[in-house]
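Single-letter residue listing:
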Amino acid sequence: MVKQAKAEGQPKRPMSAYFLWMNTEGRAMVKKNNPDAPITEISKKCGEEWRALDESAKKKFQKMQEEAKTKFDKEYKVWLENGGEEALKQAKKEKKEKKDKKLAKAGKQTKKSKKKVESEDEVSEDEESE
């Protein structure tokens, strides 16, 4: 998934039903059963618990997610109408410029490091000829 540019004031996307469950019940339950488990294990166990959860229990969180999605859609539409589209274009432009600058800088460093390696090779050749 490509990370989207985030403009100032842009509404945040709603969490999925799984994350809503994990934040309210899942993580605490798994941590209680496995107090010494690292975060990676907790995440794996939460995934297993979510898959094992029956549909009626999942329905509650899916409904919460649908409500949050509806609210987000309304807020996003209002934000776009109130200048959000321009802010989003500007944020994308800034992100692209930052990326291009970073790539250009990385390219220059690569050239410098190549020159350094070449100069070190010349020094070692000179030492061998002596």
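Up top you'll find the structure we're talking about.
Quick look at the structure, then. (Residues numbered from 1 in each chain as written. Predicted model: local features only at pLDDT ≥ 70, side-chain atom pairs only at ≥ 80, totals over all residues. Heavy atoms only, no water.)

### Here's the deal with the overall build of the chain
For the chain, the count of helices and strands is three helices and zero strands. Contacts spanning at least 24 positions in sequence make up 70% of the contacts within the chain whose residues lie at least 6 apart. Split by element, the accessible area of the chain, about 11100 Å² in all, is 53% carbon and sulfur. (Helix = DSSP H or I, 4+ residues; strand = E, 2+ residues; numbered from the N terminus. Contact = heavy atoms within 4.5 Å. Areas by Shrake-Rupley, 256 points an atom, 1.4 Å probe, with all protein chains shown as cover.)

### Re helix 2 (residues 39-52)
For helix 2, with 14 residues, the first-to-last C-alpha span of 20 Å sits near the 20 Å given by 1.5 Å per residue. Within the span of helix 2, buried status applies to Ile42, Cys46, Gly47 and Trp50. Each buried residue of helix 2 lies within a common arc of 140° when the element is viewed along its axis, so the set occupies one face. Looking at helix 2, the residues exposed on the side facing more than 90 degrees away from the buried face are Lys44, Arg51 and Ala52. (Expected span 1.5 Å × (residues − 1). Buried < 20%, exposed > 50% of the residue type's maximum accessible area, 1.4 Å probe, protein only. Arc of directions from axis to C-beta.)

### Considerations on the packing of aromatic side chains
Following the criterion strictly, the structure yields six aromatic pairs and no others. Between the aromatic rings of tyrosine 18 and tryptophan 50, the centroid separation amounts to 5.8 Å while the plane-to-plane angle is 70°, which identifies the pairing as edge-to-face. Within this pair, whereas tyrosine 18 is found in helix 1 (residues 17-33), its partner tryptophan 50 is found in helix 2, the two being separated by 32 residues in sequence. Neither tyrosine 18 nor tryptophan 50 differs from the other in exposure class; each is buried. Through pairs of rings, three or more aromatic residues link up here, namely Tyr18, Phe19, Trp21 and Trp50. (Phe/Tyr/Trp six-rings, centres within 6.5 Å; stacked < 30°, edge-to-face > 60°.)

### Side note on the packing of helix 1 against helix 2
Between helix 1 and helix 2, the shortest axis-to-axis distance is 10 Å and the interhelical angle comes to 115°. Judged on the interaxial angle alone, helix 2 and helix 1 are roughly perpendicular. Considering the relative orientation of helix 1 and helix 2, their crossing is right-handed. Here Ala17, Tyr18, Trp21, Met22, Gly26, Arg27, Met29, Val30 and Lys31 of helix 1 lie close against helix 2, whose contacting residues are Ile42, Ser43, Lys45, Cys46, Gly47, Glu49 and Trp50. (Axes fitted to C-alpha atoms, helices over the stretch in contact; angles between N-to-C directions. Parallel < 35°, antiparallel > 145°, perpendicular 65-115°, else oblique. Left-handed = near helix turned anticlockwise from the far one by under 90°.)

### Points about the nonpolar core
Ala17, Tyr18, Leu20, Trp21, Met22, Val30, Ile42, Cys46, Trp50 and Phe61 form the largest nonpolar core, which has ten residues in total. Contributing elements (two or more residues each) for this core: helix 1 and helix 2. Per-element tally for this core: the top contributor is helix 1, with six residues. When neighbours within four sequence positions are excluded, leucine 20 is seen to be in contact with Met15, Phe61, Met64 and Gln65. (Core = buried A, V, L, I, M, F, W, Y, C linked by side-chain atoms within 4.5 Å.)

### Some points on the side chain of lysine 58
Structurally, lysine 58 is set in helix 3 (residues 55-129). Lacking a salt bridge, the buried lysine 58 has glutamate 55 as its closest oppositely charged neighbour, with an N-O distance of 4.2 Å. Beyond its immediate stretch of four places on either side in the chain, lysine 58 contacts Trp50, Arg51 and Leu53. (Lys, Arg positive; Asp, Glu negative; His and termini not counted. Salt bridge = Lys/Arg side-chain N within 4 Å of Asp/Glu carboxyl O.)

### Digging into the pattern of salt bridges
According to the stated counting rule, one finds five salt bridges in the structure shown. The partner of lysine 69 in a salt bridge is aspartate 73, and the shortest N-O contact between them spans 3.1 Å. Taken together, the positions of lysine 69 and aspartate 73, both in helix 3 and four residues apart, correspond to about one turn of that helix. A residue is classified by how much of its surface remains accessible, and lysine 69, at 36% relative accessible area, is partly exposed. The shortest N-O distance in the salt bridge between glutamate 75 and lysine 71 comes to 3.9 Å. With a gap of four residues between them, glutamate 75 and lysine 71 both fall in helix 3, about one helical turn apart. Classification of glutamate 75 as partly exposed rests on a relative accessible area of 37%. Lysine 71 sits in the exposed class, given a relative accessible area of 53%.

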